[in-house]
Amino acid sequence: MKYRDLQIQTQREAPNNARTEGFAFLVRAGFLTRENVLTKLGEHTINHLREVGNETLQAIPTIGNDRETFFAIPTGDIEIAHCSNCKYTERIELARFMKLVEAPFDTVAPLPLEKIETPNCNTIESLANFLGIQKEQTAKALMYTRISDGKFVFVVVRGDMQLSEAKLKAQVGDVRAARAEETESVGAVAGYASAVGLMDALIVADDLIPRSPNLVAGANEAGFHLKNTNYGRDYSAEIVADLVQAQDGDTCVSCGKPLSVLRAIQMNDNFENILLALAETHHDDKGLTFPHPTAPFDAYLMHIAGKELDTLAKAREIYNELQDAGISVLFDDRDERAGVKFNDADLIGCPVRVTVGEKGLREGMVELKERKEKENQLVKIDEIVEKIKPILYS
Ligand SMILES: [Zn+2]
């Protein structure tokens, strides 16, 4: 294709809103606008990546599981838990981790239930502060209504844990937050709620709860909590399951090493994300360095205007010859200075650059430069195709 047909607009400077180098180079090389909209070149590249298919993922260091492939990037729109040791990877809301029963829960016997006054303690934070205890020594209550049948769903997780609504929904179906009158009707008091003494509620407990004795939980009375609530003695649940979200540093369920929580983008068939991941992993200080077959074009062809010889006409001939040989070409046929074209060639980053200049042409030669190499070489015009192919397929 011709450079002009794609209306390529390169930029000298990285855009101010670039939060990653890959994005900055995609804008500078004219694949994206600053507003993250694909240009003609960008659309051409997406179509090309789609044709090459998921093989392109081999050019990117991805992580994933048998359902999803991710690329870790700070600007990613999803959070994943990842084990760098055994490569376990899962969306954070579904990630499993090893729940260890540690002090103070490992040796303690159940103590008698005790109602205590806890004014203005309607959050786990304020309750733990007021009593001078750790958040893990409290039980956190979350209240929902099941969409399908209106059943009140009362969830108990430990105070130091975050509920994963995805894990809850996997157990009970779709839910929405419970309304005040629904909470009242089962006998719960928001801010001071517990599963002790509820009427007609589906109680769902995280599987750490039965293994965590003597938790402080709400007394279902404003301003009061219960000390030493014990699962099995004071209440029980219809469902006990893993309901909480993994956190950075939690223990990998497969190998026991710490998990990392990372931001990531999803790669499966998302070619915009694949383009960004390629740019993130394949660039140098001059521009993009996409490898074959991911590069939108195999070769960047340009001419340097001559004084006596018609370098443009010769470049046109070479353009046709390369295309006929199955080498895709971005033909920069503009009347720009050589330096401008060299810069653009580096920015856009086709695997090879072919330069048709007067000096070489006199000897039947053109200049061939690999994007990743510093030096260029002079090659005979009738040997270009055989010189380029090994570079692409190496
Ligand atoms: Zn692991």
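Peer 1: Which parts of the structure should I look at to understand the overall build of the protein chain?
Peer 2: Along the backbone of the protein chain there are ten helices and 20 strands. Against the compact-globule benchmark of 21 Å for 394 residues, the protein chain has a radius of gyration of 31 Å, which places it well outside the compact range. The dimensions of the protein chain, computed from C-alpha atoms along their principal axes, are 100 × 40 × 35 Å. Every one of the 394 residues in the protein chain was classed for burial, and the buried ones make up 39%. By sequence separation, contacts in the protein chain at least 24 residues apart represent 67% of the contacts at least 6 residues apart.

Peer 1: Which parts of the structure should I look at to understand the nonpolar core?
Peer 2: The nonpolar side chains of a soluble globular protein tend to be buried, and buried together. The biggest cluster of nonpolar side chains holds 63 residues, and the ones touching the most others in it are Leu-26, Ala-299, Tyr-300, Leu-301, Ile-318, Val-329 and Val-354. Ranked by residues supplied to this core, first place goes to helix α6 (residues 271-281) with six residues. Apart from the residues within four sequence positions on either side, Val-354 is in contact with Ala-299, Leu-301, Ile-318, Val-366, Leu-368 and Ile-384. If you look at the next biggest cluster of nonpolar residues, it comprises 38 residues, including Met-143, Val-153, Leu-202 and Leu-226.

Peer 1: Quick question: what am I supposed to make of the domain arrangement of the protein chain here?
Peer 2: The parts lose accessible area when they come together, and the size of an interface is often stated as this lost area. Looking at the assigned domains, one finds that the protein chain contains domain 1 (114-241) and domain 2 (299-393). Distance between the C-alpha centres of domain 1 and domain 2: 70 Å.

Peer 1: Help me out: how do you make sense of the packing of helix α1 (residues 21-28) against α6 in this one?
Peer 2: Each pair of packed helices gets described by two things: the angle between the helix axes and the distance between those axes. Where α1 meets α6, the closest approach of the two axes is 7 Å, and the angle between their N-to-C directions is 105°. Between α1 and α6, the angle falls in the class roughly perpendicular. Of the residues in α6, those in contact with Glu-21, Gly-22, Phe-23, Phe-25 and Leu-26 of α1 are Leu-275, Leu-276, Ala-279 and Glu-280.

Peer 1: It is not clear to me how the packing of helix α2 (residues 40-52) against α6 should be interpreted in this structure. Could you clarify?
Peer 2: Across the interface, α2 lies against α6 with an axial gap of 9 Å and an inter-helix angle of 100°. Comparing their axes, α6 and α2 come out roughly perpendicular. Residues Thr-45, Ile-46, Leu-49 and Arg-50 of α2 pack against Phe-271, Glu-272, Ile-274 and Leu-275 of α6. Looking at the contact of α2 with α6 residue by residue, the class counts come to five nonpolar, one polar and two charged.

Peer 1: Whenever I open this one, the environment of Cys-86 confuses me. Can you help?
Peer 2: With respect to the helices and strands, the residue Cys-86 is situated in the loop between β3 (78-82) and β4 (89-91). As a C-alpha pair, Cys-86 and Gly-256 span 170 residues in sequence and 9.3 Å in three-dimensional space. With near-sequence residues (within four places) excluded, Cys-86 lies in contact with Cys-252, Ser-254 and Cys-255.

Analysis parameters
Residue numbering note: each chain is counted from 1, following its sequence as written. Given that the model is predicted, a residue must reach a pLDDT of at least 70 before its local features are reported, and side-chain atom pairs must reach 80 or more before they are shown or counted; all residues, however, enter totals for whole chains, interfaces and linings. Where helices and strands are cited, they refer to DSSP runs of H or I of at least four residues and of E of at least two residues respectively, numbered from the N terminus. Only C-alpha atoms enter the radius of gyration, while the globule expectation follows 2.2 Å times N to the 0.38, with N the number of residues. Neighbour counting defines burial: a residue surrounded by 20 or more other C-beta atoms within 10 Å of its own C-beta is buried, one with 12 or fewer is exposed, and intermediate counts give partly exposed, using backbone-placed C-beta atoms. Once C-beta atoms have been placed from the backbone, residue pairs whose C-beta atoms lie within 7 Å are recorded as contacts. In these notes, a nonpolar core means any group of buried Ala, Val, Leu, Ile, Met, Phe, Trp, Tyr and Cys residues linked to one another through C-beta atoms within 7 Å. Domain start and stop points were drawn from an automatic or database domain assignment. What counts as an axis is a line fitted to C-alpha atoms, over the stretch in contact for a helix, and the angles between N-to-C directions run from 0 to 180 degrees. What sets the label is the angle itself: under 35 degrees gives roughly parallel, over 145 gives roughly antiparallel, 65 to 115 gives roughly perpendicular, and the rest give oblique. Three residue categories are used. Nonpolar comprises Ala, Val, Leu, Ile, Met, Phe, Trp, Tyr, Cys and Pro, charged comprises Asp, Glu, Lys and Arg, and polar comprises the others, including Gly.

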